[in-house]
Protein chains: 2
Amino acid sequence: MANEYKQDLLDTVLRVKDQVHQTPILTSTLINTMVGAQLYFKCENFQKMGAFKMRGAVNAISQLSAKQKEVGVVTHSSGNFAQAIALAARNLGIKAYIVMPSNAPKVKMEAVKGYGATIILSEPTNASRQLEADRIVEEKGATFIHPSNNYNVILGQGTAAYELLKKHNDLHSIITPVGGGGLIAGTSIAANYFGNNCKTIGAEPATMDDAKRSLVAGKIQYNTSGTTVADGLRTHLGAINFPIIQKFVEDIFLVEEQQIIDAMKIIWQYLKIVVEPSSAVPLAAILANPAYFRNKKVGVIISGGNVDLANLPF
Amino acid sequence: MANEYKQDLLDTVLRVKDQVHQTPILTSTLINTMVGAQLYFKCENFQKMGAFKMRGAVNAISQLSAKQKEVGVVTHSSGNFAQAIALAARNLGIKAYIVMPSNAPKVKMEAVKGYGATIILSEPTNASRQLEADRIVEEKGATFIHPSNNYNVILGQGTAAYELLKKHNDLHSIITPVGGGGLIAGTSIAANYFGNNCKTIGAEPATMDDAKRSLVAGKIQYNTSGTTVADGLRTHLGAINFPIIQKFVEDIFLVEEQQIIDAMKIIWQYLKIVVEPSSAVPLAAILANPAYFRNKKVGVIISGGNVDLANLPF
């Protein structure tokens, strides 16, 4: 399997490169002084549709058969993956059905519609979302693409870390937020095969620490309560990404809500970029664990920049 | 004089290039669709200390004599030029005195102090600012550097447009905000000598339209009342930059306050960058004059990103 991961990621890099942005890597002298380390921010907020999710969506959709492409795709997401599938499908001339919870932010629904996708509303529960998606698969014959628990999606997300390592091959570690597990799983494949002893670290809100608990228990754990300002991370690992995470991820660090908000403000203030709260979770983890990162070169995946400007947490 | 401008700008480019960032140029398909033109945003919000002012400060300070450098420099500014002189002076090991009005935002005073400069408080009037600066010149022998009405500052500011034109030599026009006139004067020198029939356009808040009125009257005009959300632009042209502006600037477009705020939000939302209100004035002018810019390639100078995140206008 090992060499398959490596070859699969290389194939993915070639497959998606003309359909996604090779996003810039930013640094800040002030932030480096603050954390006592050298941070390289891979800015997926500048990715098409504003988040790394575009990479996985493009990779998954472009590998469908001609017949599958003719019928279309379906996913469920209230966030960035909805927009990613909608845009990737439109760019490839494919029909997209997006199941969104009825309480999804209006601005996100508008964005999905703007990309020409058909929205199907569901109750705001995981069960209802999946039920509606299953119904579209049944009725329309559309292919379901899961936002994070899909091998092609995972590989697509890994291309961000691959690009980062091509520019900086001496990183001690790469740190990503952990939500559904697609980004960290893809990143860990990239770090393992294309880094130089580069560790993959996860950063997760302490209020929704399912991934950390899953790693410790050796079995996928769920959140039964709690919430987080990092709204992109309110989900759990899956059967496809969890084994990859177990194999390649060094550790997952937990951070408090206020630490996320403070880190988000630091990114806006000093990097001068608009990022969503989830993107600030890795910097929060670095700030909370100074000894671990001291004097190290650390890659930080900035996951996205789709945020409601009228409703900022600071 | 013509060839002097050209040679002086080339000399300036070489003089400052290792002390300033060659900032990225961003584009947005969504914004281009919205305005019906191709916009190239030269992102000086990513400049050192967060604004184009660093370019002029570096150019002015690095041309001081050894004796002048030994004594130090003084300027008056409540905004970006204060930070620019403070940082440029520190980087070159020179003492900086910054006269700031007593009502300047605390965060800006902290930033100036953080760069190691000495702050002198004045009453919040132009007269009092100049008086305090004159006193420092008198008492300390420091060299006064005006934020915008100084030829070396003007040339420094022009290096942003020069870099933009080196990457995109077919721009129809470059548009900048107009405050004290340093940026637009420097930009117009760059556009005239290094563009291919590239026009320089100014964008100014309608509530503080002194530069537009100055161009029309052929004589520097002042604002006696009014204010603007674009706080960097609450100042007037000077005797050194005005003749350059008269010679090389095509026109100045006026925009309403709400247009500035709307344009600022568009930049944050679609370019995913943090910019100050002044930086949004050019995009507001493009949006307000669609026929003028239709299907044109237009350079837009994003002046800076130093904004109070706790006090956004939208």
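Rules used in this analysis
Every chain is numbered on its own, with residues counted from 1 as its sequence reads. Note on labels: chains are lettered from A, ligands numbered from 1, in written order. For a predicted model such as this one, the threshold for reporting local features is a pLDDT of at least 70, and the threshold for listing and counting side-chain atom pairs is 80 or more; totals across whole chains, interfaces and linings nevertheless cover every residue. Processing note: side-chain calculations cover all non-hydrogen atoms of the structure and skip hydrogens and water entirely. By the criteria applied, helices consist of DSSP H or I runs no shorter than four residues and strands consist of E runs no shorter than two, each listed in order from the N terminus. Note that the radius of gyration is over C-alpha atoms, with the globule rule given as 2.2 Å times the number of residues to the power 0.38. Classification of residues uses two cut-offs on accessible area relative to the type maximum, computed with a 1.4 Å probe and protein chains only: under 20% is buried, over 50% is exposed, and between them is partly exposed. Any two strands with at least two DSSP bridges between them are considered paired. Call a crossover right-handed when, viewed with both strands pointing away from you, the route from the first strand across the helix to the second goes clockwise. Superposing copies: least-squares fit, C-alpha atoms only, residues required to have pLDDT of at least 70 in both. Contacts are assigned to residue pairs with any non-hydrogen atoms lying within 4.5 Å of each other. Here the axes come from fitting lines to C-alpha atoms, over the contacting stretch only for helices, and the angles between their N-to-C directions go from 0 to 180 degrees. Roughly parallel here means an angle under 35 degrees, roughly antiparallel means over 145, roughly perpendicular means 65 to 115, and every remaining angle is called oblique. In the scheme used here, Gly and all other residues not listed as nonpolar or charged are polar, with Ala, Val, Leu, Ile, Met, Phe, Trp, Tyr, Cys and Pro taken as nonpolar and Asp, Glu, Lys and Arg as charged. Salt bridge, as applied in this entry: a Lys or Arg side-chain nitrogen positioned within 4 Å of an Asp or Glu carboxyl oxygen.

Just to check I follow, could you spell out the overall build of chain A for this structure?
Of the regular secondary structure elements, chain A holds 14 helices and 10 strands. Its C-alpha atoms give chain A a radius of gyration of 18 Å, near enough to 20 Å, the size a compact globule of 314 residues would have. Dimensions of chain A along its principal axes, counting C-alpha atoms only, are 55 × 45 × 40 Å. Here chain A holds 314 residues, and the buried ones make up 57% of them.

How should I be thinking about the pairing of strand β7 (residues 173-177) of chain B in this particular structure?
Look at any regular strand and the pattern is simple: side chains alternate between the two faces of the sheet. Residues and elements named next belong to chain B. In terms of burial, β7 is largely enclosed, as 5 of its 5 residues are buried. Of the two faces of β7, the one lined by S173, I175 and P177 and the one lined by I174 and T176 are each fully buried. Looking at chain direction, β7 and strand β8 (residues 199-205) are connected through 5 bridges and run parallel. Bridge pairing in β8 places I174 opposite T200. Handedness of the β7-helix α9 (residues 182-194)-β8 crossover: right-handed. Relative to strand β10 (residues 297-302), β7 is paired through 3 bridges, and the arrangement is parallel.

Sorry, what's going on with unusual backbone geometry here?
As a rule of thumb, non-glycine residues mostly have phi less than zero, and peptide bonds are mostly trans rather than cis. Even without a glycine there, the phi angle at A:N295 is positive, about 65°. The residue A:N295 is located in the loop between α14 (290-293) and β10 (297-302) in this model. One non-glycine residue, B:K272, lies in the positive phi region at around 60°. By the element assignment, B:K272 lies in the loop between α12 (257-271) and α13 (277-288). In this structure B:K272 comes out as buried when scored by relative accessible area, which is 8%.

Looking at this structure, I do not really get the relation of the copies chain B and chain A. What am I missing?
Mapping between the two chain copies consists of a rotation about an axis together with a translation along that axis. Under the fitted operation, chain B is carried onto chain A by 0.0 Å of movement along the axis and a turn of 180°, and the coordinates agree to an RMSD of 0.0 Å. Overall, the copies show the geometry of a two-fold rotation axis. Residues of chain B ranked by C-alpha distance from the rotation axis are headed by B:I273, positioned 2.1 Å from it. Residue by residue, 95% of the interface of chain B is reproduced at the interface of chain A, so both copies engage with the same surface.

What am I meant to see in the sheet that holds strand β9 (residues 249-255) of chain B here?
Backbone-to-backbone hydrogen bonds join strands into a sheet, with any given pair of strands oriented parallel or antiparallel. All names here are of chain B. If you walk across this open sheet you meet the 6 strands as β1-β2-β10-β7-β8-β9, and the pairing is mixed. Sheet topology places β1 (25-26) and β9 at the edges, where each strand pairs with a single neighbour. Alignment of β1 against strand β2 (residues 38-43), held across 2 bridges, turns out to be antiparallel. Within β2, the position partnered with L26 by the bridge is F41.

Explain the pairing of β8(B) here, please?
Residues and elements named next belong to chain B. Of all 7 residues in β8, 6 are buried, a share of seventy percent or more. Note: β8 against β9, 6 bridges, orientation parallel. Its bridge partner lying in β9, G202 is registered against I252.

What is the right way to look at the sheet that holds strand β3 (residues 73-76) of chain B in this model?
All names here are of chain B. The 4 strands are arranged β5-β4-β3-β6 in an open sheet whose pairing can be described as parallel. Edge positions in the sheet fall to β5 (118-122) and β6 (143-144), since each has one partner strand and no second. The pairing of strand β4 (residues 96-101) with β5 spans 5 bridges and is classified as parallel. Bridging across to β5, M100 finds its partner in L121. Packed onto the sheet, helix α6 (residues 106-114) meets β4 and β5 and runs at close to 175° relative to β4.

When you look at the packing of helix α5 (residues 80-91) of chain A against helix α6 (residues 106-114) of chain A in this model, what are you seeing that I'm missing?
Axes are the key here: two packed helices are described by the angle between their axes and the distance separating the axes. All names here are of chain A. Close contact between α5 and α6 brings their axes to 8 Å; oriented N to C, the two are set at 10°. Regarding the angle of α5 to α6, the classification is roughly parallel. In this structure, α5 contributes A82, Q83, A86 and R90 to the contact, and α6 contributes K108, A111, V112 and G114. Taken together, the residues of the contact of α5 with α6 break down into 4 nonpolar, 2 polar and 2 charged.

Got a minute to help me understand the pattern of salt bridges in this structure?
Proximity of charged atoms lets side chains of opposite charge pair with each other. Here the structure, examined in full by the defined rule, presents 20 salt bridges over all chains. The shortest N-O distance in the salt bridge between A:D209 and A:R213 comes to 2.8 Å. Exposure remark for A:D209: the relative accessible area of 18% places this residue in the buried category. Judged by its relative accessible area of 30%, A:R213 is partly exposed. For B:E163, the salt bridge goes to B:R55, with nearest N and O atoms at 2.9 Å. Within this pair, whereas B:E163 is found in helix α8 (residues 151-167), its partner B:R55 is found in helix α3 (residues 53-62), the two being separated by 108 residues in sequence. B:R55 shares its class with B:E163; the two are buried. The network of salt bridges with shared partners includes A:K42, A:E44, A:R55 and A:E163.

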